[in-house]
Amino acid sequence: MSDISLTHITPMAVMSIAISVAAAFLIHWALYWIALRVAKHSKIEPVLLPALYQPTRWLVVLLSLGAGLKSIELGDRVEDIWSIGARMIFALLVGWLILRAMHAGKAMMEARADISVEDNLKARRHRTRISILYRICQCIVGFLVIAMMLIAIPGVRTIGVSLMASAGLAALAVGAAAQPALKNLIAGIQMAFSEPIRLDDVVIIEGEWGRIEEIKLTYVIVRIWDDRRMVVPVSYFLEKPFQNWTTKTSDLLGTVFFHVDPAADVARIRAKFVEAVKANSRWDGRVAILQVTEHRPEALELRGLLSARNAGIAFDLRCEVREVVMDFLRTDMPDALVRVRQRLEAGEGLTRLSGAAE
């Protein structure tokens, strides 16, 4: 029992440790108060200091406690336990500090990238990259903290050293056992820089229209137009074709199709279409045109092109213009609606009537 006992412990030594810990709390509070005042006057982001408050406080306490224990002669066993525990706690606190700083930095950068504005392409690009890289850094920090904690334990120190030194081999081993997960992880890193999609992009995937709601490390959540969620692996966006309606800009062209009688006055319908588009507040003033795109014996196909600021507005604009033009055709040009024609040769009608009478 003598090897785990404390020796030469005096009330003065205990008081010295207590005073050092209390002084650590006081000094940390004072420095934090000063830092808040400096940040307020220098216009530093207010989210950073609160995020670092708790980790730095306990780091200061740990350091002051270690300094205070130097005045006490510990038994060999207790000193070994304290040494191992202090190093493990130190690694854990440093990892906590880094993660909190990363989270604060992510919040600051996201605050500067406002995606609620109309032209939010650049903001969505920044948020997408921040989100993916943040999750990758979380995994790396967690890996390093676990390795440092293992290194602090003499019995398993070689495991921690091997874990850090052979990270590449470990990645290959994990990749062989979990190839799909590693594939999506690498695809996520690649997507952070190639940017085939970004947050709030409008996409067509598997025939479904939706918006990119969340981009995780290995999968993407797409919010479908009817509020369903589609979970898609990240690798999908690098291996399969899909439609992205907001790759360069949110501006979009919409189409409206009409089928009218071949004898219809197309110029009059075109004038009404352009008038309906220009009278709608959703139109962005770029494109409003109607063309004949197909001619079939029973009908003409008219395609109207109109433009809007984004996909959602374009959809509403198409519906409203279609209603206006169809109402115009029903009330003012009923002859333009599609009709089925049959031609009777001379004598054919009389023969049919006689057959019907018999």
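Structure's up top.
About the criteria used
- Residues numbered from 1 in each chain as written.
- Predicted model: local features only at pLDDT ≥ 70, side-chain atom pairs only at ≥ 80, totals over all residues.
- Heavy atoms only, no water.
- Core = buried A, V, L, I, M, F, W, Y, C linked by side-chain atoms within 4.5 Å.
- Buried < 20%, exposed > 50% of the residue type's maximum accessible area, 1.4 Å probe, protein only.
- Helix = DSSP H or I, 4+ residues; strand = E, 2+ residues; numbered from the N terminus.
- Contact = heavy atoms within 4.5 Å.
- Pairing = 2+ DSSP bridges.
- Axes fitted to C-alpha atoms, helices over the stretch in contact; angles between N-to-C directions.
- Salt bridge = Lys/Arg side-chain N within 4 Å of Asp/Glu carboxyl O.
- 1 Å grid on protein atoms, 1.4 Å probe; cavity = no way out; pocket = protein on both sides within 12 Å on 5 of 7 lines; lining within 4 Å.
- Points joined across faces, edges and corners; volume = space filled by probe spheres on them.
- Patch = residues over 30% accessible without salt bridge, like charges linked within 9 Å, V, L, I, M, F, W, Y side chains within 5 Å.
- Areas by Shrake-Rupley, 256 points an atom, 1.4 Å probe, with all protein chains shown as cover.

A few words on the nonpolar core. Core analysis: the biggest nonpolar cluster contains 28 residues, and Ile-269, Phe-273, Val-321 and Leu-329 have the highest contact counts within it. Secondary-structure elements contributing two or more residues to this core are strand E8 (252–260), helix H9 (266–279), strand E10 (299–308) and helix H10 (311–331). At eight residues, H10 tops the list of elements feeding residues into this core. If we skip the residues at most four places from it in the chain, Phe-273 touches Val-256, Phe-258, Ala-288, Ile-289, Leu-290, Gly-304, Leu-305, Leu-306, Val-321 and Val-325. By size, the runner-up hydrophobic cluster in this structure holds 19 residues, among which are Ile-205, Ile-215, Ile-224 and Val-232.

In space, the three strands of this open sheet follow the order E8-E10-E9, with antiparallel pairing throughout. On the outer flanks of this sheet lie E8 and strand E9 (288–296), each paired with one strand and no other. If you compare each strand with its neighbour and ignore which way they point, the axes differ by 25° on average. Here E8 runs beside E10; their pairing, made up of nine bridges, is antiparallel. Looking at the pairing, Leu-253 lines up with Ser-307 of E10. Strands in contact with H9 are E8, E9 and E10; relative to E9, the strand with the most contacts, it is inclined by about 145°. Sitting on the sheet, H10 touches E8 and E10, and the angle it makes with E8 is about 20°.

What follows is about the pattern of salt bridges. Across all of its chains, the model carries 14 salt bridges by this definition. When the shortest N-O distance is used, the salt bridge between Glu-214 and Lys-216 registers 2.9 Å. Between Glu-275 and Lys-272 there is a salt bridge; the shortest N-O distance is 3.9 Å. Here Lys-272 and Glu-275 lie together in helix H9, a separation of three residues that amounts to about one turn.

Strand order in the open sheet formed by five strands is E6-E5-E4-E3-E7, and the pairing between neighbours is antiparallel. Among the strands making up the open sheet, the edge pair consists of strand E6 (229–233) and strand E7 (243–244). Where strand E4 (residues 208–215) lies against strand E5 (residues 219–224), five bridges are found, and the strand directions are antiparallel. The partner of Ile-215 across the bridge, within E5, is Val-220.

Approximately 310 Å³ is the volume attributed to the second largest pocket. For the second largest pocket, the lining is made up of 18 residues, of which Leu-199, Asp-200, Ile-212, Glu-213 and Glu-214 are closest to its centre. Secondary-structure elements contributing two or more residues to the lining of the second largest pocket are helix H3 (76–112), helix H4 (121–151), E4 and E5. A total of six residues in the lining of the second largest pocket trace back to one element, the largest contributor, which is E4.

Looking now at the side chain of Asp-261. Topologically, Asp-261 is positioned in the loop between E8 and H9. On the accessibility criterion, Asp-261 (0% relative accessible area) is buried.

The grouping of Leu-26, Ile-27, Trp-29, Leu-31, Trp-33, Ile-34 and Val-38 at the surface amounts to a nonpolar patch, some 740 Å² of accessible area in total. Checked against the element boundaries, Val-38 lands in helix H1 (residues 11–42).

Time to look at the pairing of E10. Counting buried positions over the 10 residues of E10 gives nine, a clear majority of the element. Pairing analysis gives eight bridges linking E9 to E10, with the strands arranged antiparallel. Bridging across to E10, Ile-289 finds its partner in Leu-305. Remark: two residues form the turn of the hairpin made by E9 and E10, two consecutive strands paired antiparallel.

Right, let's talk about the pairing of E5 for a bit. Hairpin connection from E4 to E5: three residues lie between these consecutive antiparallel strands. When E5 meets E6, the two strands line up antiparallel, connected through five bridges. Bridged to Val-220 within E6 is Val-232. Counting the residues between successive antiparallel strands, the hairpin from E5 to E6 contains four residues, one of them, Asp-227, with a positive phi of roughly 75°.

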